[in-house]
Amino acid sequence: MKLFRIFNVLYGAVALIWLTVSLFHEGFNPSVKINAGIIGGLFLLLGVDDWMDDRKKYAAYYFFLAVVSMIAVMI
């Protein structure tokens, strides 16, 4: 459980750096689908973490955000 939370923190930090660099650096321009996939993966990991802590309401919210971002990738 603790290792999973450490992984969530590291994934969140890398995702934040990735999205910040892709927003402000002109030479680094990843696809919108890649950015949405990263955000969806982060929401999915946060939902799993809340589900394991029996915070079902927050977990459902994070799962909803993950699904919305994944649908945005498909459109």
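Given the structure is predicted, the values throughout are model-derived calculations rather than measurements.

Scoring rules and cut-offs
- Residues numbered from 1 in each chain as written.
- Predicted model: local features only at pLDDT ≥ 70, side-chain atom pairs only at ≥ 80, totals over all residues.
- Heavy atoms only, no water.
- Phe/Tyr/Trp six-rings, centres within 6.5 Å; stacked < 30°, edge-to-face > 60°.
- Helix = DSSP H or I, 4+ residues; strand = E, 2+ residues; numbered from the N terminus.
- Buried < 20%, exposed > 50% of the residue type's maximum accessible area, 1.4 Å probe, protein only.
- Lys NZ or Arg CZ within 6 Å of the ring centre and 35° of its normal.

K.L.:
I keep staring at the packing of aromatic side chains and nothing clicks. Help me out?
P.N.:
The relative placement of two aromatic rings is captured by the distance of their centres and the angle of their planes. Following the criterion strictly, the structure yields 4 aromatic pairs and no others. Here phenylalanine 7 and tyrosine 11 contribute two aromatic rings whose centre-to-centre distance is 6.2 Å and whose plane-to-plane angle is 35°, an arrangement assigned as tilted. One end of the pair, phenylalanine 7, and the other, tyrosine 11, are both in helix H1 (residues 2-24), 4 residues apart, so they sit about a helical turn from each other. Under the relative-accessibility criterion, phenylalanine 7 is labelled partly exposed at 43%. Between the aromatic rings of tyrosine 61 and tyrosine 62, the centroid separation amounts to 6.0 Å while the plane-to-plane angle is 50°, which identifies the pairing as tilted. Overall, the relative accessible area of 23% leaves tyrosine 62 in the partly exposed class. An aromatic cluster of at least three residues, connected via ring pairs, comprises Phe43, Tyr61 and Tyr62. Seen from the ring of tryptophan 51, lysine 56 lies directly overhead, with NZ or CZ sitting 4.2 Å from the centre. One cation-aromatic arrangement involves lysine 57 over tyrosine 58; the distance from NZ or CZ to the ring centre is 5.9 Å.

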